[in-house]
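Listed below are the residues making up each chain.
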Amino acid sequence: MAKKLVIKVTAGADAPERCSQAFTVAAVAVASGVDVSLWLTGESAWFALPGRAAEFELPHAAPLPDLLDSLLAGGRVTLCTQCAARREITEQDVIKGVRIAGAQVFVQEALADGTQALVY
């Protein structure tokens, strides 16, 4: 198993099952001791804002705020620079612990030795 896991989430409330799967896999990996970097892109970008994860609902799924909290505590959460700009989200707007970074950083993380990258 890879020692590092980079997960890019492209879905939000528009594709709730795909979104939930990404957060769940990331949170389980963190709980298993894996170094996890979760990237919020596309519609998942909104979850970088306070309170937005609490608005997400999917029956029979772990609550998104709990998953996000575990990722912020044990992994890294990054909001895509372009996705943030398109939604007029700034560093002052995001939850504490969420960074904003671009494609260069994503590629660097995804191609690092011992890393597995997943896209949802």
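Above this text sits the structure in question.
Presented here is an overview of the structure given in this document. (Residues numbered from 1 in each chain as written. Predicted model: local features only at pLDDT ≥ 70, side-chain atom pairs only at ≥ 80, totals over all residues. Heavy atoms only, no water.)

**Here's the deal with the packing of helix H1 (residues 16–31) against helix H2 (residues 64–74)**
To keep it simple, the criterion reads: Axis definition: a line fit to C-alpha positions, over the contact stretch in the case of helices; interaxial angles, taken between N-to-C directions, run 0 to 180 degrees. Every helix listed is a DSSP run of H or I at least four residues long, and every strand listed is a run of E at least two residues long, numbered separately from the N terminus. By the definition adopted for this analysis, an angle is roughly parallel if under 35 degrees, roughly antiparallel if over 145, roughly perpendicular if from 65 to 115, and oblique otherwise. Crossings are assigned a handedness: left-handed for a near helix turned anticlockwise from the far helix by less than a right angle, right-handed for a clockwise turn. By definition, residues are in contact when any of their heavy atoms lie within 4.5 Å. The classification used treats Ala, Val, Leu, Ile, Met, Phe, Trp, Tyr, Cys and Pro as nonpolar, Asp, Glu, Lys and Arg as charged, and all other residues, Gly among them, as polar.
For the pair H1 and H2, the least separation of the axes is 9 Å and the interaxial angle reads 40°. It follows that H1 is oblique to H2 by the angle criterion. Regarding H1 and H2, the two cross each other, and that crossing is left-handed. Only Leu 64, Leu 67, Leu 68, Ser 70, Leu 71 and Gly 74 of H2 make contact with H1, whose side of the interface consists of Phe 23, Thr 24, Ala 26, Ala 27 and Val 30. Looking at the contact of H1 with H2, its residues break down into eight nonpolar, three polar and no charged.

**Some details on the nonpolar core**
To keep things clear, this is the line we draw: Nonpolar cores are built from buried Ala, Val, Leu, Ile, Met, Phe, Trp, Tyr and Cys residues. Side-chain atoms within 4.5 Å join them into one set. Working definition: with a 1.4 Å probe on protein chains only, accessible area under 20% of the residue-type maximum means buried, over 50% means exposed, and in between means partly exposed.
Judged by nonpolar contacts, the single largest core of 36 residues is most densely connected at Ile 7, Phe 23, Val 36, Leu 38, Leu 71 and Leu 79. At the level of elements, strand E1 (4–9), H1, strand E2 (35–40), H2, strand E3 (76–80) and helix H3 (81–86) are the ones that each hand at least two residues to this core. Sort the elements by how many residues they give to this core and H1 lands first, with seven residues. Other than its neighbours up to four places away in sequence, Val 36 contacts Leu 5, Ala 26, Ala 29, Val 30, Leu 71, Gly 75 and Arg 76.

**Notes on unusual backbone geometry**
One non-glycine residue, His 60, lies in the positive phi region at around 65°. Positionally, His 60 belongs in the loop between E2 and H2. One non-glycine residue, Glu 88, lies in positive phi territory at about 55°. As for its position among the elements, Glu 88 is in the loop between H3 and strand E4 (98–101). For Glu 88, a relative accessible area of 70% corresponds to the exposed category.

**Describing the packing of aromatic side chains**
Which entries qualify depends on this criterion: Centres within 6.5 Å make a pair out of two Phe, Tyr or Trp rings, where for Trp the six-membered ring is used; the pair is then stacked when the planes are under 30 degrees apart, edge-to-face when over 60, and tilted otherwise.
Using the criterion set out here, one finds three aromatic pairs in the structure. With 5.4 Å between their ring centres and 85° between their planes, Trp 39 and Phe 106 make a pair best called edge-to-face. A residue pair is termed long-range when its members are at least 10 positions apart, and Trp 39 in strand E2 and Phe 106 in helix H4 (residues 103–110) qualify at 67 residues. Between Phe 47 and Phe 56, the aromatic rings sit 5.7 Å apart at their centres with planes inclined by 90°, giving edge-to-face as the arrangement. Overall, the relative accessible area of 5% leaves Phe 47 in the buried class.

**Comments concerning the environment of Ala 84**
Residue placement: Ala 84 occurs in helix H3. Its relative accessible area of 1% is what places Ala 84 among the buried residues. In sequence terms Ala 84 and Gly 42 are 42 residues apart; their C-alpha atoms lie 8.9 Å from each other. If we ignore the near neighbours within four places in the chain, the residues touching Ala 84 are Leu 79, Ile 89 and Ile 100.

**A short note on the sheet that holds E1**
The line we're drawing: A pair of strands counts as paired when DSSP detects no fewer than two bridges linking them.
With respect to topology, five strands assemble into an open sheet ordered E4-E3-E2-E1-E5, the strand pairing being parallel. The open sheet terminates on both sides in strands that have one partner only, identified here as E4 and strand E5 (115–119). Averaged over all neighbouring strand pairs, the angle between strand axes comes to 25°, with direction disregarded. In this sheet, E3 lies alongside E2 in parallel orientation, the contact comprising four bridges. Along E3, the bridge assignment pairs Leu 38 with Val 77. Running at roughly 160° to E1, H1 makes contact with E1, E2 and E5 of the sheet. The strands touched by H2 within the sheet are E2, E3 and E4, with E3 carrying the most contacts at an inclination of about 105°.

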